[in-house]
Amino acid sequence: MTVYVTDQDRALEFYTEGLGLEKRIDYPGPEGRFLTVGVAGSPVEIILWSHEPAVGQPIDKRPGLDPGPLFLESDDLRKDFEVLRQRGVTFDRPEPEDYPFGVRIEAVDPDGNRISLRQQRRPNRADG
């Protein structure tokens, strides 16, 4: 997945120090810096790609360039929410909300990209 950012250093700080992801690749390539992060123990990588915003439009409002929300799963979203909030992560609402399949909230990176944080509802033992 690619996340478009205007400042790769600022984005790297947010995704590693804020969200707790790990830096994977940081290569100064001929077409620009190739920078990736990922969840520890997962092979999936997120590219933090440098891209200037359109004049007068934040990145998340440019048609065709917003890759959509990034989804991160949590085993205890309410606990993780408190940790992330203490690290300075900004959210779209004051608290995680329950929904039919679990708990959710969206964080917002410094460029306005949405990161959807989810916890799936665990089946009740009585449910089978």
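As shown above, the structure is provided for reference.
So, here's what we can say about the structure. (Residues numbered from 1 in each chain as written. Predicted model: local features only at pLDDT ≥ 70, side-chain atom pairs only at ≥ 80, totals over all residues. Heavy atoms only, no water.)

**Things to note about the sheet that holds strand β4 (residues 46-50)**
- If you walk across this open sheet you meet the four strands as β1-β4-β3-β2, and the pairing is mixed. Each edge of the open sheet is held by one strand with a lone partner, namely β1 (2-5) and β2 (22-29). The mean inter-strand angle of the sheet, taken between neighbouring strand axes irrespective of direction, is 25 degrees.
- Relative to β4, strand β3 (residues 32-38) runs antiparallel, the two being bridged by two bridges. (Pairing = 2+ DSSP bridges. Helix = DSSP H or I, 4+ residues; strand = E, 2+ residues; numbered from the N terminus. Axes fitted to C-alpha atoms, helices over the stretch in contact; angles between N-to-C directions.)

**A short note on helix α1 (residues 8-18)**
- Listed as buried for α1 are Gln8, Ala11, Leu12, Phe14, Tyr15 and Gly18.
- Measuring from the backbone nitrogen of Asp9 back to the side-chain oxygen at the start of α1 gives 3.0 Å, which picks out Asp7 as the cap. (Buried < 20%, exposed > 50% of the residue type's maximum accessible area, 1.4 Å probe, protein only. Polar contact = N/O pair within 3.5 Å; in protein donor to acceptor, adjacent residues only side chain to side chain.)

**Some thoughts on the pattern of salt bridges**
- Counted under the stated rule, the structure contains 11 salt bridges.
- Among the salt bridges present, the one from Arg85 reaches Glu95, with a minimum N-O distance of 3.6 Å. Of this pair, Arg85 sits in helix α2 (residues 77-86) while Glu95 sits in the loop between β6 (90-91) and β7 (97-99), and the two are 10 residues apart along the sequence.
- Arg85 sits in the partly exposed class, given a relative accessible area of 37%. (Salt bridge = Lys/Arg side-chain N within 4 Å of Asp/Glu carboxyl O.)

**Examining α2**
- Residues of α2 that are buried include every one of Leu77, Phe81 and Leu84, and no others. The arc that holds every buried residue of α2, seen down its axis, measures 70 degrees, which confines them to one face. Facing away from the buried surface of α2 by more than 90 degrees, the exposed residues are Lys79 and Gln86.
- Elements in contact with the buried residues of α2: α1, β6, β8 (102-108) and β9 (114-120).
- At the C-terminal side of α2, Gly88 shows a positive phi close to 95 degrees. (Arc of directions from axis to C-beta. Contact = heavy atoms within 4.5 Å.)

**Here we look at the pairing of β9**
- For β9, the buried fraction is high: five of the seven residues fall into the buried class.
- Here strand β5 (residues 70-73) runs beside β9; their pairing, made up of four bridges, is parallel. Within the sheet, the bridge partner assigned to Phe71 lies in β9 and is Ser116.
- As paired elements, β8 and β9 share seven bridges and run antiparallel to each other. Residue pairing in the sheet places Ile105 in a bridge with Leu117 of β9.
- Linking two consecutive strands that pair antiparallel, namely β8 and β9, is a turn of five residues; a positive phi of about 90 degrees is found at Gly112 within it.

**Comments concerning the nonpolar core**
- Formed by 24 residues in total, the largest nonpolar core has its most connected members in Tyr15, Leu19, Leu48, Phe91, Ile115 and Leu117.
- Where this core is concerned, the elements lending two or more residues are β1, α1, β3, β4, β5, α2, β8 and β9.
- Examining the composition of this core, we find that four residues originate from one element, α1, more than from any other.
- When near neighbours in sequence (up to four residues on either side) are disregarded, Phe91 contacts Phe81, Leu84, Arg85, Ile105, Glu106, Ala107 and Leu117. (Core = buried A, V, L, I, M, F, W, Y, C linked by side-chain atoms within 4.5 Å.)

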